[in-house]
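Chain and residue survey
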Amino acid sequence: MASNRDDPLTFINLSSSPVTVSSAEGDSFLLDPPSQIGSASGSFQNEGLLSGGDGGTTDAEFGFSRPDFRQSPLSGTVHFYERHVFLCYKHPQVWPPRIEAAEFDRLPRLLSAALLARKGEMKKQTRLTICEGHDGTETSNGDVLIFPDMIRYRRLTHFDVDTFVEEVLVKDGEWQPVTPEKLKGSYIFVCSHGSRDRRCGVCGPAIIARFKEEIELHGLQGKVSVSPCSHIGGHKYAGNVIIFGSNIDGKVSGHWYGYVTPDDVPILLEQHIEKGEIVNELWRGEMGVSEEEQKKSQELRLQQNGGADDGKPTKEETLQTQTNEIDNAACGSQMEVKACCCQENKDSTCCQKNPVSSGKTEKVDAYEAEAKVVVTPEKKKSSKKTISRCSSNKGGGGGGGGGSTRKVCAMPTWLESWEREDTYAALAVVGAAVSVAIAFHCYRQLA
């Protein structure tokens, strides 16, 4: 491999690259003027030449208040892949729109080209993303993080790219003589590639700032790491967040979240990282899972949670509400039902103090059959005493005018009113009687 920076460089056709995924929607947000490609120098000291966002961009246009924010479904929007490689390289302010194709950003360009050339030989579908790197920090320029392996290789240079790809990504071995470092804790990456898409440039930094604030507030320094990263696909879902970490079983997962706002950061830390629970309303998908499986797993979680995410009452809650309405409307209070003295004589009326109007009577009749099905065990006792097989007869009769409705309540039979407590009482009486009989028999024998 040539080491001279003045050697001619070739560009890569990214349309077929497995490393980056171009978004078909929202191309008007892409800032990709040809003059910016390769405008950053090869050194790591060139800062600010490629600013990610326009100073005039506002939250209303590209941020969390933009018109298209949270207008598209998220579940199943992560293309299937099995391994994620992050190259630590500079910072978002100097990343060109296509950093893996920039002429003078040699390391990401050569690594991207090597991955593309060896794609067919890799056992795992691999994605390459650039993340922030600073010399002298935990993530120095040239460091490579690999998930789900949870390992870090230090200080990769453009001279080592071919060997690194061959040994680590094609053969799934180790890159000698460098010893990989084992990563611990959770790693969060937030798309902040402003020169590629303004929405990411506006949303990403705000989310990162809130993550750093909450990490310090929760005392998670050293356990949770957050870093800006380059384009990961799905511009319209900004803010885009990826969280890598081990679950209770020790399996490493990579979950993608979209439409994340700074206000969602505490929820992601508390629910996803600390409790290991997925935040369904923001979840896009997962590394190693196909788009169809992502949708199915989301549906399964929502069913298990009883559909609580949409804030709407469940069917059981709706039916229970109807049952409560019947309890209030049918035959008055519990004491009034007990006093109901239905008789065969046409001149006799129900002794209920508050006769039900014809409108309520029809409502009770309509819901009566359904109520018998949905009454829960804890409501069973009160329901049986309150809903006492009410029937209405239209026409004349005592207690009302010609167009009024006479409410007639049938007294429940002993079987309908029999409760579990009654069973226990009966068994206790029988047991006591048997004990007395046995004691008396023993007394007679001794005498």
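Definitions and cut-offs
Residues numbered from 1 in each chain as written. Predicted model: local features only at pLDDT ≥ 70, side-chain atom pairs only at ≥ 80, totals over all residues. Heavy atoms only, no water. Salt bridge = Lys/Arg side-chain N within 4 Å of Asp/Glu carboxyl O. Helix = DSSP H or I, 4+ residues; strand = E, 2+ residues; numbered from the N terminus. Buried < 20%, exposed > 50% of the residue type's maximum accessible area, 1.4 Å probe, protein only. pLDDT = per-residue confidence, 0-100. Contact = heavy atoms within 4.5 Å. Phe/Tyr/Trp six-rings, centres within 6.5 Å; stacked < 30°, edge-to-face > 60°. Core = buried A, V, L, I, M, F, W, Y, C linked by side-chain atoms within 4.5 Å. Axes fitted to C-alpha atoms, helices over the stretch in contact; angles between N-to-C directions. Parallel < 35°, antiparallel > 145°, perpendicular 65-115°, else oblique. Left-handed = near helix turned anticlockwise from the far one by under 90°. Nonpolar A, V, L, I, M, F, W, Y, C, P; charged D, E, K, R; others polar. Pairing = 2+ DSSP bridges. Right-handed = clockwise from strand over helix to strand, strands pointing away. Patch = residues over 30% accessible without salt bridge, like charges linked within 9 Å, V, L, I, M, F, W, Y side chains within 5 Å. Areas by Shrake-Rupley, 256 points an atom, 1.4 Å probe, with all protein chains shown as cover.

1. Considerations on the pattern of salt bridges
For the coordinates displayed, the defined rule picks out 18 salt bridges. A salt bridge links Arg66 to Asp68, with the shortest nitrogen-to-oxygen separation between them at 2.9 Å. Note that Arg210 is salt-bridged to Asp263, the shortest N-O span being 3.6 Å. Of this pair, Arg210 sits in helix H4 (residues 198-217) while Asp263 sits in the loop between strand E9 (252-257) and helix H5 (265-274); the two residues are 53 residues apart in sequence, bridging distant segments of the chain. Look at Asp263 and you get exposed, because its relative accessible area is 60%. Shared partners join several salt bridges into a network, and the residues in it are Arg118, Glu121, Glu166, Glu167 and Lys171.

2. Topic: the confidence of the model for the chain
Confidence in the prediction for the chain averages 74 pLDDT; 62% of positions are at 70 or higher. A low-confidence stretch, residues 1-57 stays under pLDDT 50, and its non-local contacts, those more than four residues away or across chains, total 126 contacts.

3. Quick look at the packing of aromatic side chains
Taken as a whole and judged by the stated rule, the model has 14 aromatic pairs. Taking the centre distance of 3.9 Å and the plane angle of 10 degrees together, the rings of Phe86 and Phe189 count as stacked. Of this pair, Phe86 sits in strand E1 (residues 83-88) while Phe189 sits in strand E6 (residues 186-191), and the two are 103 residues apart along the sequence. Classification of Phe189 as buried rests on a relative accessible area of 2%. On the numbers, 6.1 Å between centres and 75 degrees between planes, the contact of Phe189 with Phe244 is edge-to-face. Highlighted residues: Phe189 in strand E6 and Phe244 in strand E8 (residues 241-246), separated in sequence by 55 residues.

4. Re the nonpolar core
Residues Phe147, Ile188, Phe189, Phe211, Val241, Tyr257 and Leu269 are the most contacted members of the largest nonpolar core, which totals 48 residues. Contributing elements (two or more residues each) for this core: E1, strand E3 (144-147), E6, H4, strand E7 (224-229), E8, E9 and H5. Residues within four places of Tyr257 in sequence aside, it is in contact with Gly239, Asn240, Val241, Ile243, Leu268, His272, Glu277, Ile278, Val279, Leu282, Trp283 and Arg284. Formed by 25 residues, the second largest nonpolar core is a distinct cluster that contains Ile146, Tyr153, Leu169 and Val170.

5. Considering the environment of Gly254
For Gly254, the position within the fold is in strand E9. On the accessibility criterion, Gly254 (0% relative accessible area) is buried. Placed 172 residues apart in sequence, Gly254 and Glu82 show a C-alpha to C-alpha distance of 9.6 Å. Ignoring sequence-local partners within four residues, the contact set of Gly254 consists of Ile243, Phe244, Gly285, Glu286 and Met287.

6. Some remarks on the environment of Ser246
With respect to the secondary-structure elements, Ser246 resides in strand E8. Classification of Ser246 as partly exposed rests on a relative accessible area of 48%. Counting along the chain gives 98 residues from Ser246 to Pro148, while the straight-line C-alpha distance between them is 9.0 Å. With near-sequence residues (within four places) excluded, Ser246 lies in contact with Lys251 and Val252.

7. Side note on the packing of helix H2 (residues 106-117) against helix H3 (residues 161-170)
Two numbers describe how H2 lies on H3: the axes approach to 9 Å, and their chain directions differ by 45 degrees. The angle between H2 and H3 places the two elements in the oblique class. In this structure, the crossing between H2 and H3 has a hand that is right-handed. From H2, Leu107, Leu110, Leu111, Ala114 and Leu115 reach across to H3, where they touch Val161, Asp162, Val165 and Leu169. Across the contact of H2 with H3, the residue classes break down as 8 nonpolar, no polar and 1 charged.

8. Details of the pairing of E9
A large share of E9 lies buried, amounting to 6 of its 6 residues. Here E9 shows no split at all, with Val252, Gly254 and Trp256 on one side and Ser253, His255 and Tyr257 on the other all buried. The sheet contact formed by E8 and E9 spans 6 bridges and is antiparallel. Residue pairing in the sheet places Val241 in a bridge with Tyr257 of E9. Once E8 ends, the chain turns through 5 residues before running back antiparallel as E9, passing Gly250 with a positive phi of about 90 degrees.

9. Here we look at the pairing of E1
Most of E1 is tucked away, with 6 of its 6 residues classed as buried. Burial of the side chains of E1 extends over both faces: Arg83, Val85 and Leu87 are buried on one face and His84, Phe86 and Cys88 on the other. Of the strand pairs in this sheet, E1 and strand E2 (residues 126-131) are connected by 6 bridges, and their pairing is parallel. Across the sheet, residue Val85 finds its bridge partner in E2, namely Leu128. Crossover connection from E1 via H2 to parallel E2: handedness right-handed. Judged from the 4 bridges that link them, E1 and E3 form a sheet pairing that is antiparallel.

10. Re a nonpolar patch on the surface
The grouping of Val430, Val434 and Ile438 at the surface amounts to a nonpolar patch, some 260 Å² of accessible area in total. Note that Val430 resides in helix H11 (residues 420-446).

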